[in-house]
Amino acid sequence: MGQYSEAFTQAVDDREGFWLEAAKAVDWTTEPTRALDDSAAPFYRWFPGGELNTSYNALDRHVAAGQGDRTALIWDSAMVGEVRRYTYAELLDEVSRFAGVLAARGITSGDRVVIYMPMIPEAAIAMLACARIGAVHSVVFGGFAAPELATRIDDAEPVAIVTASGGLEPGRAVEYLPMVAKAIELSADAPQTVIVKDRPEIAGSAADHDGWLDWDTAMADAQAADPVPVAATDPLYILYTSGTTGKPKGVVRDNGGHAVALTWSMKNIYDISAGDVWWTASDVGWVVGHSYIVYAPLLVGATTVMYEGKPVGTPDAGAFWRVISDHGVKALFTAPTAIRAVRKADPNAEELAKYDVSSLQTLFAAGERLDPDTFTWASNTLGVPVVDHWWQTETGWAIAANLRGLEPMPIKAGSPTVPVPGYAVGVVDAEGKPVSAGEEGSIVIELPLPPGTLAGLWRDEDRYRKSYLAAFDGYYLTGDSGYVDEDGYVFVLGRSDDVINVAGHRLSTGSIEAVVASHPAVAECAVIGIHDDLKGQRPSGYVVLKSGVDIEADTLRSELVAKVREEIGAVATFRDVTVVPALPKTRSGKILRKTMRQIADHEEYTVPSTIEDPDVLTALAEQLKG
Ligand code: COA
Ligand code: AMP
């Protein structure tokens with residue numbers, strides 16, 4: 001039996017043995033004696049009785065082991081042309097002092113702290129500082145506008161917000177402070193404490209707002225705070241992600257299972273160990289950034305690169321190759337969209353020839369399907385394995401991967417390879433019956449999920465059950481559809497719900513629909529995700545006007561685009577609006593979104609037998625053809 005099969009089988013047949021062994025790679029203040037607590041199934045808890053501190057594991061223990069001089073974090077900003085390096089000892093000092101700043105404000109174990117920050121080291125410092133004192137962070141992506149921030153504040157009920165004067169996007173500065181002020185105004189019970197990292201490039205500072213604290217001033221006389229042991233099962237963070245409704249889901253991650261799973265993943269999936277230079281080109285606002293910019297690389301004592309910039313245009317399509325070459329990156333993890341953007345700008349990879357990227361051993365991709373065309377281009381261009389792997393905010397780490405450190409497997413284009421040990425992946429039909437190899441269905445995972453996956457949704461057990469557990473008894477519903485082939489390779493074809501993936505960013509069409517529907521001229525609307533050559537998908541809106549309304553299509557479009565940008569954020573990239581006479585529906589009134597998407601993408605479709613009025617569909621097909 002190969003090492004993969006052995007590990008996979010052991011993780012199923014001897015779950016306790018497998019995960020308690022993996023847990024030895026983590027430093028505990030109280031060692032766990034059991035791996036799984038299934039007493040409240042289908043709610044599972046990992047490492048009951050264990051106590052640890054995640055920030056201690058990410059920082060202190062490496063310093064204590066004599067590695068204080070090793071580089072922990074390299075911040076490389078293509079936006080300001082600056083590189084900053086922190087050794088483990090320096091990062092520990094910053095994190096302990098910022099933990100002291102939080103503690104001095106009475107913030108303690110279990111309190112929530114919202115972090116709304118761009119890609120600057122202080123974002124990682126704030127996350128680790130929360131972890132140090134047992135506070136639960138909730139990072140909100142900088143591309144979200146004030147109302148989205150307010151929704152998250154209302155749900156998480158934080159005692160503090162940590163932010164910065166802003167982020168830098170090509171050609172514009174994104175000022176955060178007006179958005180934070182607006183979110184506070186919009187939210188029912190906003191926190192008193194707001195701490196602002198001032199960036200000289202961006203207007204606005206703490207001084208402009210009554211009672212807000214300046215990061216640097218607070219840090220100047222801060223007392224370092226020691227790590228506080230927390231239960232393995234205590235929450236480390238809440239990360240909001242798009243569901244099918246407008247209200248985001250607060251995915252809760254624990255401390256113990258997270259530390260064990262991420263540590264295991266670095267060696268076995270990514271083949272990264274202490275001292276290796278690892279770069280995840282994502283954002284701390286997404287799960288990929290939480291797990292693989294901040295926590296996992298530091299947990300194993302590697303050097304993590306944090307990049308502020310884009311794959312193209314900052315300044316050119318050589319940006320990624322420059323970073324790899326400047327910092328000796330061993331493996332890069334990014335989204336397929338980024339690779340497509342580089343390819344579009346530089347199809348013959350002329351920029352690549354300008355840099356020495358010989359340190360690069362593997363390119364990992366996730367966030368959306370790595371299409372075979374992009375896979376082939378990247379493989380041929382870089383001459384290293386290009387490894388797709390599939391995961392979700394909910395799981396926090398890969399469900400299916402090619403385990404480069406455990407047992408590299410042949411790569412099949414279009415597949416993220418095989419289920420990772422701990423994930424019993426299955427494919428079922430609408431009745432929940434397993435389908436045969438090669439047949440498409442809903443991808444499910446047998447419960448319990450492995451350590452590191454979601455402990456639940458923040459204060460919403462009911463939604464957790466309904467969203468993930470209710471569809472098929474004993475299984476977690478991934479929301480993705482796909483198949484497993486005869487060799488056991490998983491193929492993920494796309495979401496089977498109203499979640500869409502735009503440039504590797506997960507968005508809910510429901511929340512965009514809610515904004516569009518609130519326009520006074522709109523009677524009803526549907527927003528669907530249609531194919532986009534660069535971003536994988538993009539949202540496309542179809543609106544029916546209220547009778548008697550007279551509005552130019554262009555005016556309506558720009559008003560709706562502006563409204564979505566203002567209420568959800570630039571990241572929604574909502575630009576397409578088509579006025580239609582009616583929306584195709586079933587007899588029970590359900591909009592036929594899937595059929596609309598097939599029509600818009602010029603795919604084959606069948607007219608559903610439940611359709612209310614086939615003529616509406618025919619008219620839509622005619623209109624979209626033209
Ligand atoms: N803060 C504020 N605004 C942001 C933002 C942030 N952190 N990130 C993106 N935006 C804005 C962009 O400026 C853009 O605004 P615009 O409409 O004024 O141009 C809008 O949101 C859409 O951004 P994006 O979808 O990223 O498109 P883009 O055209 O700026 O860049 C790519 C295209 C392909 C270069 C970019 O999407 C990319 O790098 N993708 C990689 C995806 C990734 O890392 N995903 C993370 C999950 S692994
Ligand atoms: P997020 O929660 O933002 O990480 O988005 C998770 C969703 O992105 C998944 O449910 C999939 O639909 C999609 N996704 C992520 N990685 C992949 C992949 N490697 N292949 C196919 N789809 C992916």
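Residues numbered from 1 in each chain as written. Chains lettered and ligands numbered in written order. Predicted model: local features only at pLDDT ≥ 70, side-chain atom pairs only at ≥ 80, totals over all residues. Heavy atoms only, no water.

## Some points on a positive patch on the surface
- Residues R172, R557, R565 and R575 make up a contiguous surface patch of positive charge.
- Along the chain, the position of R172 falls in strand 10 (residues 172–175).
- Residue class for R172 comes out partly exposed when judged on its relative accessible area of 37%. (Patch = residues over 30% accessible without salt bridge, like charges linked within 9 Å, V, L, I, M, F, W, Y side chains within 5 Å. Areas by Shrake-Rupley, 256 points an atom, 1.4 Å probe, with all protein chains shown as cover. Salt bridge = Lys/Arg side-chain N within 4 Å of Asp/Glu carboxyl O. Lys, Arg positive; Asp, Glu negative; His and termini not counted. Charge placed at Lys NZ, Arg CZ, Asp CG, Glu CD. Helix = DSSP H or I, 4+ residues; strand = E, 2+ residues; numbered from the N terminus. Buried < 20%, exposed > 50% of the residue type's maximum accessible area, 1.4 Å probe, protein only.)

## Quick word on the UniProt feature "domain: AMP-dependent synthetase/ligase" (unreviewed entry) in the chain
- UniProt's feature table lists "domain: AMP-dependent synthetase/ligase" (unreviewed entry) at residues 62–446, given in the numbering used throughout.
- Counted over residues 62–446, helix gives 31% and strand 24%. Its end C-alpha atoms are 36 Å apart. (UniProt positions renumbered as here; feature names shortened; annotations may be inferred.)

## Let's talk about the pattern of salt bridges
- Scanning the entire structure with this criterion turns up 37 salt bridges.
- The shortest N-O distance in the salt bridge between D497 and R495 comes to 2.7 Å.
- Several salt bridges share partner residues, and in doing so they unite E82, R84, E122, K197 and D216 into one network.

## Some points on the domain arrangement of the chain
- Split by domain assignment, the chain resolves into domain 1 (3–309 + 389–446) and domain 2 (499–625).
- Each of domain 1 and domain 2 has a C-alpha centre, and the two are 34 Å apart.
- Contact with domain 1, which involves 17 residues of that partner, is made by 14 residues of domain 2.
- When domain 1 packs against domain 2, the two sides together hide about 1,200 Å² of surface, and 52% of this comes from carbon and sulfur.
- Remark: the boundary between domain 1 and domain 2 carries 1 salt bridge.
- Linking E394 and R506 is a salt bridge whose minimum nitrogen-to-oxygen distance equals 2.8 Å. (Domains from an automatic or database assignment. Contact = heavy atoms within 4.5 Å. Buried area = accessible area lost by both parts, 1.4 Å probe.)

## Describing helix 13 (residues 372–382)
- Buried within helix 13 are the following residues: T374, F375, W377, A378, S379 and L382.
- Those residues of helix 13 hidden inside the fold are in contact with helix 11 (319–327), helix 12 (336–345), strand 19 (362–365) and strand 20 (386–388).
- Positive phi appears at G383, one or two residues downstream of helix 13, with a value of about 70°.

## Some remarks on the pairing of strand 1 (residues 36–40)
- Summarising the sheet, strand 1 and strand 2 (residues 43–46) pair through 3 bridges and their orientation is antiparallel. Bridged to L36 within strand 2 is W46.
- Joining the antiparallel neighbours strand 1 and strand 2 is a turn of 2 residues. (Pairing = 2+ DSSP bridges.)

## Description of the packing of aromatic side chains
- Applying the stated criterion across every chain, the model contains 32 aromatic pairs.
- For the pair W46 and F47, a centre-to-centre distance of 6.0 Å together with 50° between the ring planes defines the contact as tilted.
- What makes F47 buried here is its relative accessible area of 0%.
- On the numbers, 6.0 Å between centres and 85° between planes, the contact of Y307 with F320 is edge-to-face. Taken as a pair, Y307 in strand 17 (residues 303–308) and F320 in helix 11 lie far apart in primary sequence, 13 residues in all.
- Judged by relative accessible area, Y307 falls into the buried class, the value being 3%.
- Taken together, the ring pairs connect F18, W19, W28, W46, F47, W264, W397 and Y423 into an aromatic cluster.
- Of note, R152 hangs over the ring of F144, and the distance from its end group to the ring centre comes to 4.5 Å.
- Sitting above the plane of the Y489 ring, K412 keeps its charged end 4.5 Å from the centroid. (Phe/Tyr/Trp six-rings, centres within 6.5 Å; stacked < 30°, edge-to-face > 60°. Lys NZ or Arg CZ within 6 Å of the ring centre and 35° of its normal.)

## Brief notes about the site of ligand 1
- In the region of ligand 1, 26 residues are neighbours, and E169, R172, A503, K535 and R565 sit closest.
- Between ligand 1 and the protein, one listed contact pairs an oxygen atom with a side-chain N or O atom of K535 at 2.9 Å.
- If ligand 1 stood free it would expose 930 Å²; the protein chains cover 83% of that surface.
- Those elements giving two or more residues to the shell around ligand 1 turn out to be strand 10 and helix 12.
- For the shell around ligand 1, the element with the most residues is helix 12, which contributes 3 residues.
- Grouping the constituent residues of the shell around ligand 1 by class yields 12 nonpolar, 7 polar and 7 charged.
- For the shell around ligand 1, the domains that each give at least three residues are domain 1 (3–309 + 389–446) and domain 2 (499–625). (Near = heavy atom within 4 Å. Polar contact = N/O pair within 3.5 Å; in protein donor to acceptor, adjacent residues only side chain to side chain. Nonpolar A, V, L, I, M, F, W, Y, C, P; charged D, E, K, R; others polar.)

## Some points on the nonpolar core
- Ranked by size, the top nonpolar core spans 117 residues in total, and within it W19, L91, F98, Y292, Y295 and W397 carry the most contacts.
- Looking at this core element by element, the count peaks at 10 residues for helix 5 (residues 121–133).
- The contact partners of Y292, leaving out residues within four places of it in the chain, are L262, S265, M266, Y270, W278, T280, P297, T304, F333, W391, G396 and W397.
- In terms of nonpolar packing, the next biggest core, distinct from the first, is built from 38 residues, V140, F141, I153 and A183 among them. (Core = buried A, V, L, I, M, F, W, Y, C linked by side-chain atoms within 4.5 Å.)

## Comments concerning the side chain of D254
- Along the polypeptide, D254 turns up in strand 15 (residues 249–254).
- The buried charged residue D254 lacks any salt bridge partner; its closest oppositely charged side chain belongs to R253, at an N-O distance of 6.6 Å.
- Looking at D254, its side chain comes within polar contact range of the main-chain nitrogen of H258, at 3.1 Å.
- Non-local contacts of D254, meaning those with residues more than four positions away in its chain, are made with W46, A232, T233, D234, P235 and L236.

## Things to note about the sheet that holds strand 24 (residues 441–446)
- In spatial order, the strands read 23-24-26-27; together these 4 strands make up an open sheet with antiparallel pairing. Strands at the two margins of the open sheet, each flanked by one partner only, are strand 23 (425–428) and strand 27 (490–495). The sheet shows a mean angle of 50° between the axes of neighbouring strands, taken without regard to direction.
- Here strand 23 runs beside strand 24; their pairing, made up of 4 bridges, is antiparallel. Bridge assignment links V427 to a residue of strand 24, and that residue is I443. (Axes fitted to C-alpha atoms, helices over the stretch in contact; angles between N-to-C directions.)

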